[in-house]
Amino acid sequence: MKPEELKTILEAKNVEYLLPTYVDMHGVSKSKMVPIHHFNRMMSGSELCTGAALDAFEADPLTARVFGPEMHNAWLDFKRQEWLSYMNHVADWERRRYLKFF
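Here the residue index of a chain counts from 1 through its sequence in written order. Totals for whole chains, interfaces and linings use every residue, but because this is a predicted model, local features are given only for residues with pLDDT of at least 70 and side-chain atom pairs only at 80 or more, for both listing and counting. Only hydrogens and water are removed before side-chain values are computed, so all heavy atoms of the structure are retained for them.

J.: Tell me about the side chain of histidine 72, and name the residues and values.
T.: Every helix listed is a DSSP run of H or I at least four residues long, and every strand listed is a run of E at least two residues long, numbered separately from the N terminus. Checked against the element boundaries, histidine 72 lands in helix α5 (residues 69-87). At 3.1 Å, the side chain of histidine 72 and the side chain of threonine 63 are in polar contact. The contacts of histidine 72, once residues within four sequence positions are left out, are Phe57, Glu58, Thr63, Ala64 and Phe67. Whenever a nitrogen or oxygen atom comes within 3.5 Å of another N or O atom, the pair is scored as a polar contact, on the condition that within protein one atom can donate a hydrogen and the other can accept it, and that pairs from neighbouring residues in sequence are kept only if both atoms are in side chains. Contact definition: two residues touch when any of their heavy atoms are within 4.5 Å.

Written out as structure tokens, the structure is:
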């Protein structure tokens, strides 16, 4: 089944969120809730999945009410900075796995 077909089926069943799973760079299995409208980003890779989750958090009025505007914005800024830091970090696992090819 192609991703476009799967998305059509999920939308027809009124699925609003997906729970994709992945393995992080330390070998730990994880998952996160992602809105269905980020399906294409999610299917493009886990780094886009994280961005979609942060975008959904930012757009959700409930999170802003629960956290309050200052905490909501501070937490979102912190998590975006954390994600950028993570994306720019080369882990020992990556060095061991990929440097052997050079």
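Here the narrative resumes, following the displayed structure.
J.: Residue-level account of the packing of aromatic side chains, with values.
T.: Under the pairing criterion, centres of Phe, Tyr and Trp rings, with the six-membered ring standing for Trp, must be within 6.5 Å; the plane angle then separates stacked pairs below 30 degrees from edge-to-face pairs above 60, leaving the rest tilted. Under the counting rule described, the total for this entry stands at three aromatic pairs. Residues phenylalanine 57 and tryptophan 75 carry aromatic rings whose centres are separated by 4.4 Å and whose planes lie at 45° to one another, so their mutual orientation is tilted. Here phenylalanine 57, found in helix α3 (residues 46-59), pairs with tryptophan 75, found in helix α5; they are 18 residues apart in sequence, far enough to count as distant. With a relative accessible area of 13%, phenylalanine 57 lands in the buried category. Working definition: with a 1.4 Å probe on protein chains only, accessible area under 20% of the residue-type maximum means buried, over 50% means exposed, and in between means partly exposed. For tryptophan 75, a relative accessible area of 28% gives the class partly exposed. Members of the aromatic cluster, each reached through a chain of ring pairs, are Phe57, Phe67 and Trp75.

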